[in-house]
There are 2 protein chains.
Amino acid sequence: MATTTRKRSSKKEEILKTAARMFREKGYTGTSMRDLAEKIGIEAASLYNHIQSKGEILDEIVFSIARDCQEQLENMNASETALQRIESLIRFHTKMMIDHFESYSVMVSEWIHLEEDKLSEFVSDRRRYVKKIETIVQEGIDNKEFKPVSPYVVVLNILSSVRGLEFWQKSAKTHTAEEIEENMVKHLIGGLKL
Amino acid sequence: MATTTRKRSSKKEEILKTAARMFREKGYTGTSMRDLAEKIGIEAASLYNHIQSKGEILDEIVFSIARDCQEQLENMNASETALQRIESLIRFHTKMMIDHFESYSVMVSEWIHLEEDKLSEFVSDRRRYVKKIETIVQEGIDNKEFKPVSPYVVVLNILSSVRGLEFWQKSAKTHTAEEIEENMVKHLIGGLKL
DNA sequence: CCTACCGATCGGTAGG
DNA sequence: CCTACCGATCGGTAGG
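From a predicted model like this one, the values you see are computed outputs, not experimental measurements.

S.K.: I keep staring at the overall build of chain A and nothing clicks. Help me out?
M.R.: In terms of helices and strands, chain A carries nine helices and zero strands. For chain A, the succession of helices and strands along the chain, N to C, is α-α-α-α-α-α-α-α-α. The principal-axis extents of the C-alpha atoms in chain A amount to approximately 60 × 40 × 35 Å. Split into buried and exposed, the 194 residues of chain A put 50% on the buried side. Taking the intrachain contacts of chain A between residues at least 6 apart in sequence as the baseline, contacts between residues at least 24 apart amount to 68%. Within the structure as shown, chain A displays about 9,800 Å² of accessible surface, and the carbon and sulfur contribution to it stands at 49%. Considering chain A, the positive charge centre built from 29 side chains and the negative charge centre built from 31 side chains are found 2 Å apart.

So this is what it looks like as structure tokens:
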């Protein structure tokens, strides 16, 4: 029945959303299934009617965000300049971090706790992702759009800076999301331009 | 006896060093006292002859690095330009991250697991630290050394970028420590200069 | 530094 | 979705 299916999936989504919040606050290993169940208002055992294991929760959180990032990169307009593409990448990641704060934070901080297969999948996905962006930066250097800075360091700096926005939020009064985004671009792109 | 004292303190240092490595690899909550003891070659119970609790180990790792950072900032040459001071700050943090890789990583990633008093001490120390650097950036903007970028975002980006070097190391063959440092400065200072 | 052990808590299952 | 429960493991202590 449609209702049953809808109820099932919305309960699972509630579990994933609550778990993302708790994993961010206390870490994956610092969060117990009992803590999680309590926040949701059921017994720990009942969680297993919706998910298979604690590890599966982490998988779903991490890969759902990772997939979004991969898609955006693949659908990027190849006719744009390197500068335009790097700028839109910074804007995209900044928005992802702000709009999907809990999940994005879990991805960048807790991926280390993925289990064997999922861990190596994530690591190789990320390596491929970073390499692709490095290629864009290198293009920009070859084109004389960018000054000669190590693409490896640039990509690391951009992605790390976005990650650092996990400290923001609290001071949301002093900077709006738009101001954060503009300043991220100004600083990180400014350091690239010739 | 001197020998006893030396042995005691060197054992404690071995515990702290090994713990830093494990906390970085598997997280604070993901590391058990039994894992730690095994790596050192003693029983878990014997750890307590050298340290008081698991939490104390984290305290010592985190605050020893935090103190080094605070000292460097306080001893900074106030007669230098804002640009010179920010540059030397980037260089200092990059070196700290590379030379004290395990402890620095634990500080930036595991401080969240400090207990009550130590946690609030760390948070307020860090806030004060960040504010001081923001002031330097603001000076640079007022002086027309820097373009008008939010000091808040700039400081976040610098410190986050340094943190991101935890992904480096493995590819140590492609970049030396010096190259990393030069490129950090080029990108992050480059984005500030008018 | 060890043996022996504590109560608490962990992720997860059986059976309804 | 719950009760009842599993074996494993946790940080830490007593006592030598």
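Structure shown, so let's carry the discussion forward.
S.K.: When you look at the protein's contact with DNA strand D in this model, what are you seeing that I'm missing?
M.R.: Surrounding DNA strand D, one finds 15 residues, the nearest of these being Glu43, Ser46 and Asn49 of chain A together with Met33 and Arg34 of chain B. Sugar and phosphate atoms constitute 50% of the interface atoms of DNA strand D, taking the interface as everything within 4 Å of the protein. At 2.6 Å from a phosphate oxygen of DNA strand D is found a side-chain nitrogen or oxygen belonging to serine 46 of chain A. Here a base nitrogen of DNA strand D sits 2.6 Å away from a polar atom, N or O, in the side chain of arginine 34 of chain B. Of all the secondary structure elements, the ones that give two or more residues to the surface near DNA strand D are α3 (44–47) of chain A together with α2 (33–40) of chain B. Class assignment of the residues belonging to the surface near DNA strand D gives a composition of five nonpolar, six polar and four charged.

S.K.: Is there a simple way to explain the packing of aromatic side chains in this structure?
M.R.: Any two aromatic rings considered together are summarised by their centre-to-centre distance and by the angle between their planes. Going through the model one piece at a time under the given rule, you end up with eight aromatic pairs over all chains. Judged by centre distance (6.2 Å) and plane angle (85 degrees), the rings of phenylalanine 63 of chain A and phenylalanine 122 of chain A are edge-to-face. Note that phenylalanine 63 of chain A is positioned in helix α4 (residues 54–74) and phenylalanine 122 of chain A in helix α7 (residues 116–142), a separation of 59 residues in sequence. The two residues phenylalanine 63 of chain A and phenylalanine 122 of chain A agree in class, both being buried. Measuring from centroid to centroid gives 6.1 Å for phenylalanine 167 of chain A and tryptophan 111 of chain B, while their planes differ by 25 degrees, and the two rings are stacked.

S.K.: Is there a simple way to think about the confidence of the model for chain A in this case?
M.R.: In regions of low pLDDT, the predicted coordinates are not meant to be interpreted in detail. Residues and elements named next belong to chain A. Model confidence for chain A is summarised by a mean pLDDT of 93, while 93% of its residues fall at 70 or above. Per-element confidence in chain A is highest for α4, whose mean pLDDT is 98, and lowest for helix α1 (residues 2–26), whose mean pLDDT is 80. Ignoring residues within four places in sequence, the model shows residues 1–8, a span with pLDDT below 50, making two contacts including any to other chains.

S.K.: Explain the relation of the copies chain B and chain A here, please?
M.R.: Each of the two chain copies goes to the other by way of a rotation about an axis and a shift along it. With an RMSD of 0.0 Å, the fit of chain B onto chain A corresponds to turning through 180 degrees and sliding 0.0 Å along the axis. Interpreted geometrically, this transformation is the action of a two-fold axis. Taking the C-alpha atom as reference, chain B places glycine 191 of chain B closest to the rotation axis, 1.7 Å from it. In this assembly, 100% of the residues forming the interface of chain B have copies in chain A that are likewise at the interface, indicating an isologous arrangement.

S.K.: Is there a simple way to think about the interface of chain B and chain A in this case?
M.R.: Frequently, the measure chosen for interface size is the accessible area that the parts lose on association. Each partner contributes residues to the interface: chain B has 38 residues there, and chain A has 38 residues. When chain B packs against chain A, close to 3,000 Å² is buried across both sides, 57% of that on carbon and sulfur atoms. Counting the surface chain B buries against chain A, the share from its top three residues, Tyr152, Phe167 and His187 of chain B, is 22%. Applying the counting criterion to the chain B and chain A interface returns two salt bridges. Note that arginine 163 of chain A is salt-bridged to glutamate 166 of chain B, the shortest N-O span being 3.1 Å. Where chain B packs against chain A, one counts 16 residue pairs in polar contact (both at pLDDT 80 or more). For the side of chain B that touches chain A, the elements supplying multiple residues, two or more each, are α1 (2–26), α8 (151–164) and α9 (177–190) of chain B.

S.K.: Got a minute to help me understand the pattern of salt bridges in this structure?
M.R.: Opposite charge on two side chains lets them pair, provided their charged atoms get close. Considering all chains together, one arrives at 31 salt bridges over all chains under this definition. When the shortest N-O distance is used, the salt bridge between lysine 12 of chain B and glutamate 60 of chain B registers 2.9 Å. One end of the pair, lysine 12 of chain B, is in helix α1; the other, glutamate 60 of chain B, is in helix α4 (residues 54–74), with 48 residues separating them in the sequence. Through salt bridges that share partners, Glu87, Arg91, Lys95, Glu181 and Glu182 of chain A make up one connected network.

S.K.: For this particular structure, what's the right way to read the nonpolar core?
M.R.: Within soluble globular proteins, side chains that are nonpolar tend to cluster in buried spots. Ranked by size, the top nonpolar core spans 126 residues in total, and within it Ile57 and Ile86 of chain A together with Ile57 and Ile86 of chain B carry the most contacts. Those residues in contact with isoleucine 57 of chain A that sit more than four places away from it in its chain are Ile15, Leu16, Ala19, Phe23, Met33, Leu36 and Ile51 of chain A.

S.K.: Sorry if this is basic, but what is going on with the packing of helix α5 (residues 82–99) of chain B against helix α7 (residues 116–142) of chain B here?
M.R.: When two helices pack together, you describe them by how their axes are tilted relative to each other and by the distance separating the axes. Residue and element names in this part refer to chain B. Relative orientation of the contacting elements α5 and α7 amounts to 140 degrees, with a least axis distance of 8 Å. Taken as a pair, α5 and α7 cross one another with a handedness that is left-handed. Packed against α5, whose contacting residues are Ala82, Arg85, Ile86, Leu89 and His93, the element α7 presents Tyr129, Ile133, Ile136, Val137, Glu139 and Gly140 at the interface.

S.K.: How should I be thinking about the side chain of asparagine 157 of chain A in this particular structure?
M.R.: In this structure, asparagine 157 of chain A sits in helix α8 (residues 151–164). Those residues within four positions of asparagine 157 of chain A in sequence are excluded, and the remaining contacts are Ser161, Met184, His187 and Leu188 of chain B.

S.K.: Explain the protein's contact with DNA strand C to me, please; I cannot follow it from the model alone.
M.R.: Taken together, 15 residues surround DNA strand C, and among them Met33 and Arg34 of chain A together with Glu43, Ser46 and Asn49 of chain B come closest. Each atom of DNA strand C within 4 Å of the protein belongs either to a base or to sugar and phosphate, the latter forming 51%. In this structure, a phosphate oxygen belonging to DNA strand C sits 2.6 Å away from a side-chain N or O atom of serine 46 of chain B. Of all the secondary structure elements, the ones that give two or more residues to the surface near DNA strand C are α2 (33–40) of chain A together with α3 (44–47) of chain B. Of the residues assigned to the surface near DNA strand C, the class counts are five nonpolar, six polar and four charged.

Analysis parameters
Residues numbered from 1 in each chain as written. Chains lettered and ligands numbered in written order. Predicted model: local features only at pLDDT ≥ 70, side-chain atom pairs only at ≥ 80, totals over all residues. Heavy atoms only, no water. Helix = DSSP H or I, 4+ residues; strand = E, 2+ residues; numbered from the N terminus. Buried < 20%, exposed > 50% of the residue type's maximum accessible area, 1.4 Å probe, protein only. Contact = heavy atoms within 4.5 Å. Areas by Shrake-Rupley, 256 points an atom, 1.4 Å probe, with all protein chains shown as cover. Lys, Arg positive; Asp, Glu negative; His and termini not counted. Charge placed at Lys NZ, Arg CZ, Asp CG, Glu CD. Near = heavy atom within 4 Å. Polar contact = N/O pair within 3.5 Å; in protein donor to acceptor, adjacent residues only side chain to side chain. Nonpolar A, V, L, I, M, F, W, Y, C, P; charged D, E, K, R; others polar. Phe/Tyr/Trp six-rings, centres within 6.5 Å; stacked < 30°, edge-to-face > 60°. pLDDT = per-residue confidence, 0-100. Least-squares fit on C-alpha atoms with pLDDT ≥ 70 in both. Buried area = accessible area lost by both parts, 1.4 Å probe. Salt bridge = Lys/Arg side-chain N within 4 Å of Asp/Glu carboxyl O. Core = buried A, V, L, I, M, F, W, Y, C linked by side-chain atoms within 4.5 Å. Axes fitted to C-alpha atoms, helices over the stretch in contact; angles between N-to-C directions. Left-handed = near helix turned anticlockwise from the far one by under 90°.

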